[in-house]
Amino acid sequence: MTEKIDRVNELTDFISTKTGVKGLVDADITKVPRIFHVPSSTLSNNRPSDITGLNLNVPIIDLGDSNTSSRNDVVSKIKDAAEKWGFFQVINHGVPLTVLEEIKESVRRFHEEDPVVKNHYLPTDMNKRFVYNNNFDLYHSSPLNWRDSFTCYIAPDPPNPEEIPLACRSAVIEYTKHVIELGPVLFQLLSEALGLDSEILKRMDCLKGLFMVCHYYPPCPQPDLTLGISKHTDNSFLTLLLQDQIGGLQVLHEDYWVDVPPVPGALVVNIGDFMQLITNDKFLSVEHRVRANKDGPRISVACFFSSSLSPNSTVYGPIKELLSDENPAKYKDITIPEYTAGYLANIYDEKLYLSNYRI
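All values derive from a computational prediction rather than experimental measurement. (Residues numbered from 1 in each chain as written. Predicted model: local features only at pLDDT ≥ 70, side-chain atom pairs only at ≥ 80, totals over all residues. Heavy atoms only, no water.)

### Thoughts on the pattern of salt bridges
Should their charged atoms come close, side chains of opposite charge can pair.
Now for step 1: Counted under the stated rule, the structure contains 15 salt bridges.
Now for step 2: Close ionic contact of R109 with E102 constitutes a salt bridge, the shortest N to O distance being 2.8 Å.
Now for step 3: Judged by its relative accessible area of 31%, E102 falls in the partly exposed class.
Now for step 4: With a closest N to O distance of 3.8 Å, R108 and E112 form a salt bridge.
Now for step 5: For E112, a relative accessible area of 38% gives the class partly exposed.
Now for step 6: One salt-bridge network, held together by shared partners, links K79, E83 and K282. (Salt bridge = Lys/Arg side-chain N within 4 Å of Asp/Glu carboxyl O. Buried < 20%, exposed > 50% of the residue type's maximum accessible area, 1.4 Å probe, protein only.)

### Remarks on the sheet that holds strand β11 (residues 288-291)
Now for step 1: The 4 strands are arranged β6-β11-β8-β9 in an open sheet whose pairing can be described as antiparallel. The sheet is open, and its two borders are formed by β6 (227-232) and β9 (256-259), each paired with just one other strand. Averaged over neighbouring strand pairs, the angle between their axes works out to 30 degrees when direction is ignored.
Now for step 2: Strand direction decides the pairing type here: strand β8 (residues 249-253) and β9, joined by 4 bridges, are antiparallel. When the bridges of β9 are listed, Q250 appears paired with D259. (Pairing = 2+ DSSP bridges. Helix = DSSP H or I, 4+ residues; strand = E, 2+ residues; numbered from the N terminus. Axes fitted to C-alpha atoms, helices over the stretch in contact; angles between N-to-C directions.)

### Looking at the nonpolar core
A general trend in soluble globular proteins is that nonpolar side chains are found buried together.
Now for step 1: By size, the foremost hydrophobic cluster in this structure holds 93 residues, and its most contacted members are Y175, L201, M212 and I278.
Now for step 2: If you tally residues by element for this core, the top one is helix α7 (residues 169-193), at 10 residues.
Now for step 3: Setting aside residues no more than four positions away along its own chain, I278 makes contact with L201, M204, C206, F237, Y316, G317, P318, I319 and L322.
Now for step 4: Of all hydrophobic cores here, the second largest spans 11 residues; its members include V21, L24, V32 and C220. (Core = buried A, V, L, I, M, F, W, Y, C linked by side-chain atoms within 4.5 Å. Contact = heavy atoms within 4.5 Å.)

### Side note on the packing of aromatic side chains
Now for step 1: Applying the stated criterion to the full structure yields 18 aromatic pairs.
Now for step 2: A ring pair is formed by F36 and W146, whose centres lie 5.1 Å apart and whose planes are at 70 degrees; its orientation type is edge-to-face. In this pair, F36 is assigned in the loop between α2 (20-26) and α3 (40-43) and W146 in the loop between β3 (130-133) and β4 (148-155), connecting sequence segments 110 residues apart. This pair shows no difference in class: F36 is buried, exactly as W146 is. (Phe/Tyr/Trp six-rings, centres within 6.5 Å; stacked < 30°, edge-to-face > 60°.)

### Topic: the environment of G317
Now for step 1: With respect to the helices, strands and loops of the structure, G317 is situated in the loop between β13 (315-316) and β14 (334-335).
Now for step 2: For the pair G317 and I334, spaced 17 residues apart in the sequence, the C-alpha separation amounts to 6.4 Å.

Listed below in structure tokens is the structure:
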């Protein structure tokens with residue numbers, strides 16, 4: 001009981017500063033507060049001593065070949081990665097390097113603004129299109145994560161430019177314009193990887209919603225005690241991630257935590273829960289996490305093809321063309337807002353939330 005009261009007090013103190021994790025680092029702390037501590041067993045990489053014969057390299061796929069006679073080869077690689085890893089990196093994706101660099105720099109710029117400026121965007125209004133959260137899992141029973149974040153809702157109802165802070169306004173608008181152009185290319189390739197018509201995922205409105213979450217991971221004085229983000233899967237059809245060169249992202253593959261190394265100019269693509277559901281387990285939404293780091297700040301920009309909690313009455317279930325007597329539906333039908341509400345309430349539970357919808 002005393003421990004619970006102590007946690008509440010520490011949490012209250014942290015929230016009252018309104019300066020986030022960056023505020024702790026700016027105050028020159030040398031020890032990570034207990035509300036951020038995770039069990040040491042959680043931090044284990046669980047890597048085997050002998051990795052001979054194990055492929056622990058996240059696939060890297062050249063999208064430049066998708067416009068040539070090599071398209072079938074690209075589709076085959078995406079199929080293999082989506083089925084076995086749930087993660088892959090893409091190069092030659094068409095988003096200019098200058099745009100990638102500017103969005104990373106603008107995320108840093110916003111998070112290094114005066115707290116008074118950032119706190120104008122705290123989640124005080126459910127209708128805000130741009131929200132600053134210095135820990136959106138504050139009231140969950142799990143340890144806090146070592147990062148600050150902002151969320152911007154892009155589609156289907158884009159924000160007015162003046163709703164986005166000046167520090168990152170032009171970069172957010174420019175970067176998401178390119179993501180919206182790249183989305184259909186990836187969904188076409190994934191549709192073909194399923195052996196289906198290239199437009200099927202688009203016709204199912206899998207690209208209907210898009211929001212971005214931009215993380216700022218300050219340098220951590222004791223990275224062996226906490227995580228940048230706890231293990232989780234994504235409540236999306238597909239997630240597109242831009243990470244800087246510091247590293248820390250890990251994916252759970254064959255029961256091992258495998259590093260997703262930064263590749264200059266690359267974007268990380270991962271399958272979300274909704275995609276696993278509609279493909280009836282053909283494509284996998286896998287757990288991933290971010291390690292805390294003494295270096296930093298680390299910057300990442302995640303774009304989720306999902307309408308999240310926004311009104312969306314579309315019902316999703318396993319794609320009929322993938323089902324047969326030998327491969328019946330494994331999941332109940334869902335709506336995105338219904339699933340998301342439950343997902344957010346149980347985000348860091350040990351049990352994967354998608355399993356609640358298994359038939």
